[in-house]
Amino acid sequence: MTDDKARVDLSGSPQTMLATLYAKALDADLPEPILGDRYAKDVVARIDYDWRKTTITAARSPSVTTRSAHFDGWASRFLAANPDAVVLHLGCGLDARYFRLQPGDGIDWYDIDYPDVAALRRQLLPERPHNHVVAASVTDPAWFAEIPTGRPTLMLGEGLTMYLTEPDGVALLRRVVEHAPSGELQFDAFNWLGIKSQWSNAVVRRSGATLHWAINGPDDILAAVPGTRLLQWERWFESATFAQLPRAYRALGKAMSLIPAVANMSQYHRYAF
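Because the structure is predicted, anything quoted here is derived from the model rather than measured.

Q: Honestly, unusual backbone geometry in this entry has me stumped. Any pointers?
A: Generally, phi is negative for residues other than glycine and the peptide bonds are trans, each holding for most cases. Despite not being glycine, Thr55 shows a phi value in the positive range, around 70°. The exposure class of Thr55 is buried, given its relative accessible area of 17%.

Q: How should the pairing of strand β7 (residues 183-190) be read in this particular structure?
A: Within a regular strand, side chains alternate between the sheet's two faces. Within β7, 8 of the 8 residues are buried, leaving the element largely enclosed by the surrounding structure. Neither face of β7 is exposed, since Gly183, Leu185, Phe187 and Ala189 on one face and Glu184, Gln186, Asp188 and Phe190 on the opposite face are all buried. Two elements, strand β6 (residues 153-157) and β7, share 5 bridges in a ladder whose sense is parallel. Bridge pairing links Thr153 to Gly183 in β7. Following the backbone out of β6, through helix α6 (residues 166-179) and into the adjacent parallel β7, one traces a crossover that is right-handed.

Q: Looking at this structure, I do not really get the environment of Ala69. What am I missing?
A: Position of Ala69 relative to the elements: it lies in helix α3 (residues 62-81). Accessibility expressed as a relative area gives 17% for Ala69, which makes it buried. When the C-alpha positions of Ala69 and Tyr39 are compared, they lie 15 Å apart, and in sequence the two are 30 residues distant. When sequence neighbours within four positions are dropped, the list of residues in contact with Ala69 reads Ile34, Leu35 and Thr241.

Q: Explain the sheet that holds strand β8 (residues 229-235) here, please?
A: In sheet architecture, strand pairing relies on hydrogen bonds along the backbone and comes in two forms, parallel and antiparallel. Judged by pairing direction, the sheet is mixed, and its 7 strands sit side by side in the order β5-β4-β3-β6-β7-β9-β8 without closing on themselves. Single-partner strands in this sheet number two, and they are β5 (131-135) and β8. Neighbour-to-neighbour, the strand axes of the sheet open up by a mean angle of 15°, direction not taken into account. With 7 bridges connecting them, β7 and strand β9 (residues 266-272) associate as antiparallel partners. What sits directly across from Phe187, in β9, is His269. Most of the contacts of helix α5 (residues 115-124) go to β5, to which it runs at about 150°, and overall it touches β4 (108-113) and β5.

Q: Even after reading the chapter, I still don't get the nonpolar core, so can you show me in this structure?
A: Soluble globular proteins: nonpolar side chains tend toward being buried together. Formed by 46 residues in total, the largest nonpolar core has its most connected members in Leu21, Ile47, Trp51 and Leu94. When residues of this core are assigned to their parent elements, the largest contribution, 8 residues, is made by helix α1 (residues 16-28). Leave out the neighbours within four places in its chain, and Ile47 touches Lys5, Ala6, Val8, Leu21, Leu94 and Leu124.

The rules we used
Residues numbered from 1 in each chain as written. Predicted model: local features only at pLDDT ≥ 70, side-chain atom pairs only at ≥ 80, totals over all residues. Heavy atoms only, no water. Buried < 20%, exposed > 50% of the residue type's maximum accessible area, 1.4 Å probe, protein only. Helix = DSSP H or I, 4+ residues; strand = E, 2+ residues; numbered from the N terminus. Pairing = 2+ DSSP bridges. Right-handed = clockwise from strand over helix to strand, strands pointing away. Contact = heavy atoms within 4.5 Å. Axes fitted to C-alpha atoms, helices over the stretch in contact; angles between N-to-C directions. Core = buried A, V, L, I, M, F, W, Y, C linked by side-chain atoms within 4.5 Å.

Here it is as structure tokens:
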């Protein structure tokens, strides 16, 4: 890695990765961090950007870090059971999940994102023999030619599905299932209310991105993607990582969970195939 600061010029959904990265960097300096990601702190220090534009503060960082910690946990379980797996980290941004989890040498991990984002990853994060960076839109079928077949495969899509259209999203999930003999799909989703209220999401609004795909529950996926079987489905407010938050957060979550549409705004999905 170089000592020069990287300049970024992103818009739309790729720009939102800067907000999630900054949240992780702020978390790393908290007295009791949720994620404790020192890679995020290092990368933020090496990017030339006015981080105030993200609207993220230390107080707001748990909205990102609880989600990331949740998927770190689910991914770790899969990797422990499948030490020869392939991981497809879709829409990875500048997330350092590979370095947080430190998978064994039997794992081939693919970080997949737009070419400009992939270039930043190569510039700002260390290289590892089994950590491959793929410069492509996740909805482009062509990149599957680079992915090994015949091995258990984990698809991770944190903060991804809502930026896809439903046809593109369903096609992507089907391609993963058809490509690998077995594995898991792990991703988060917004329901119809989360998509309709996107104007209230400062990170999305400031980036100029648009949210499209509403997933209202597991039945939407099970009906659309043949061969899948539900393993876990959790609301953000009811997840184990949310329970780590201060009492005020937990009280707000409990109140919001009493309204079904609000409770299901943010969901965690895990399927086997």
